[in-house]
Amino acid sequence: MTRLTTVARALLTTFAALLASTTPSTTARAGNDPKAPEDFVALRSVDPTIIQEMRYVTPHNFVGERIDGYRQPICILTRPAAQALHKAQRQLLRKGYTLKVYDCYRPQRAVDHFVRWAEDLDDEAMKGEFYPNVDKTRLFADGYIAAKSGHSRGSTMDVTLVRLPAKPTRPYHPGEPLVPCFAPQGERFPDDSIDMGTGFDCFDTLSHTLDPRIQGHQRANRLLLKGTLEGLGFVNLAEEWWHYTFKPEAHPDTYFDFPVARKSLTGAH
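Residues numbered from 1 in each chain as written. Predicted model: local features only at pLDDT ≥ 70, side-chain atom pairs only at ≥ 80, totals over all residues. Heavy atoms only, no water.

Draft legend 1. Focus on the UniProt feature "site: Transition state stabilizer" (unreviewed entry) in the chain. UniProt records the feature "site: Transition state stabilizer" (unreviewed entry) for Arg106 in the present numbering. Looking at where Arg106 falls in the secondary structure, it is placed in the loop between β4 (97-103) and α5 (108-119). On the basis of relative accessible area, Arg106 is assigned to the buried category, the value being 8%. Once residues within four sequence positions are removed from consideration, Arg106 is found in contact with Tyr56, Tyr70, Val111, Phe114, Ser149, His151, Ser152, Asp158 and Phe256. (UniProt positions renumbered as here; feature names shortened; annotations may be inferred. Helix = DSSP H or I, 4+ residues; strand = E, 2+ residues; numbered from the N terminus. Buried < 20%, exposed > 50% of the residue type's maximum accessible area, 1.4 Å probe, protein only. Contact = heavy atoms within 4.5 Å.)

Here it is as structure tokens:
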């Protein structure tokens, strides 16, 4: 071995050691994640009877993969929002229904993931189910994707109704044939939700809560959810039958970025 080779190897070893000492590990980065404010709670601690099907922890969503920041399938909300949802659940249980949430608090890093996906016009893996009639170049202009989300403030949730007794839903299998989210209920992906006219996260004007094309039992189902929640202080987003925000919001001007995980709540209460 020449002296030059020995020196070069020594320099490489030194550089690798320096790189290892200055680049934080995944564990270290996770340890530095922000924590939730004290008024954020796990919904299950307020009402364990509400079904939780947290879609963004799974690949069954419009992106087609687990979304950044979703580490565990739990619903986190501000305490006032969770308590109001509990009141709604008590009313609905007496009528033979239960609430089911698809998404609750959403970290900013997840919203950033949505934005990156929307900007990648070549990635249309889930188009057949979630946005079959929408050109991906229109997602920002049409309001389906935005750089900020009310979910990140902690008082917004995506929710539906399930008739009791609730039946288990089959898992989504990546790569399976996709059916448009506005297809008849018996044809689109099976979900134990009552028929709302479209599936969750359906990028289509048929998802507008009061779209006049939605009639009969589908409209009645939407109005049951809407009437129950609005009577307790929730406000519906007119473009999405599943989207509700509890008012007044505890953090109306703050977009949080702590991960969706029990650890985010550790020590906060």
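Draft legend 2. Highlighting the pattern of salt bridges. One pass over the structure, following the stated rule, counts 18 salt bridges. With a shortest N-O distance of 2.9 Å, Arg213 and Asp211 are connected by a salt bridge. In this structure Asp211 comes out as buried when scored by relative accessible area, which is 7%. Via salt bridges that share partners, Glu53, Arg55, Lys100, Asp191 and Asp192 belong to a single interconnected network. (Salt bridge = Lys/Arg side-chain N within 4 Å of Asp/Glu carboxyl O.)

Draft legend 3. Representation of a positive patch on the surface. A surface patch of like charges, here positive, comprises Lys87, Arg90, Arg94 and Lys95. Positionally, Arg90 belongs in helix α4 (residues 79-93). (Patch = residues over 30% accessible without salt bridge, like charges linked within 9 Å, V, L, I, M, F, W, Y side chains within 5 Å. Areas by Shrake-Rupley, 256 points an atom, 1.4 Å probe, with all protein chains shown as cover. Lys, Arg positive; Asp, Glu negative; His and termini not counted. Charge placed at Lys NZ, Arg CZ, Asp CG, Glu CD.)

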